[in-house]
Structure formats: structure tokens, C-alpha cells
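Reading the structure
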Amino acid sequence: MAIIINLDVMLAKRKMSVTELSERVGITMANISILKNGKAKAIRLSTLDRICKVLECQPGDILEYRSEEDT
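Looking at an unreviewed UniProt entry, one finds the protein named Putative transcriptional regulator and attributed to Lihuaxuella thermophila.

Given below as C-alpha cells:
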């Protein structure tokens, strides 16, 4: 997939665990793990909004586009 999810990078920068993010955002650890591992096929904008609020970041800090040739 050409969209890369850098959630693990942001978690490391904020020194936050998946468990803490899950609790603060209000979604399951399983769903956070799916996002973190790049297995998600979609993300709700409301979920992205909450993640950005908790991590104090912009959507572009989490989502990255790479062309198929680059991956």
C-alpha cells in the first residue's frame, strides 16, 4: 500500500505506550495495533482527530504517502 502509517514513530517520540494511547483515544488496543502495524484499510477521521489531539501532532505526522515505485 502506498500510505504508510507512522504511529509507532509518534508513540516513540511522545514516549507513550499503545496501552496509554488506546485508553486516552477510546479505541481498543487491537485497533491501535492494526493501525501501528500498517494492516488498516481505513481510519475514521474522528479517530484520526482523537489520535492527533492525544499525541499533539498533525495528521501528516502519522500518515505518509509513498509511490508504489518507492516501496
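Some thoughts on unusual backbone geometry
The backbone phi angle of lysine 15 is positive, close to 55°, even though this residue is not glycine. Counting through the fold element by element, lysine 15 comes out in the loop between helix H1 (7-14) and helix H2 (18-25). On the accessibility criterion, lysine 15 (77% relative accessible area) is exposed. In this structure, glutamate 56 takes a positive phi of about 50° despite not being glycine. Inspection of the secondary structure puts glutamate 56 in the loop between helix H4 (45-55) and helix H5 (59-62).

Details of the UniProt feature "domain: HTH cro/C1-type" (unreviewed entry) in the protein
In the UniProt entry, the feature "domain: HTH cro/C1-type" (unreviewed entry) is given for residues 13-62. This span, residues 13-62, is 66% helix and 0% strand, and a straight line between its end C-alpha atoms measures 12 Å.

Observations concerning the state of the cysteines
If you walk through the whole model with that rule in mind, you get zero disulfides. Just so you know, cysteine 52 is unpaired, no disulfide at all, and the nearest cysteine sulfur is the one on cysteine 57, 4.1 Å from it.

Remarks on H2
Those residues of H2 that fall on the buried side of the exposure criterion are Val18, Leu21, Ser22 and Val25. Along H2, the residues classed as buried sweep out an arc of 100° about the axis, all on the same side. Those residues of H2 that are buried are in contact with H1, helix H3 (29-36) and H4. One or two steps after H2, the chain reaches glycine 26, where phi turns positive at roughly 90°.

So, how was this worked out
- Residues numbered from 1 in each chain as written.
- Predicted model: local features only at pLDDT ≥ 70, side-chain atom pairs only at ≥ 80, totals over all residues.
- Heavy atoms only, no water.
- Helix = DSSP H or I, 4+ residues; strand = E, 2+ residues; numbered from the N terminus.
- Buried < 20%, exposed > 50% of the residue type's maximum accessible area, 1.4 Å probe, protein only.
- UniProt positions renumbered as here; feature names shortened; annotations may be inferred.
- Disulfide = S-S within 2.5 Å.
- Arc of directions from axis to C-beta.
- Contact = heavy atoms within 4.5 Å.

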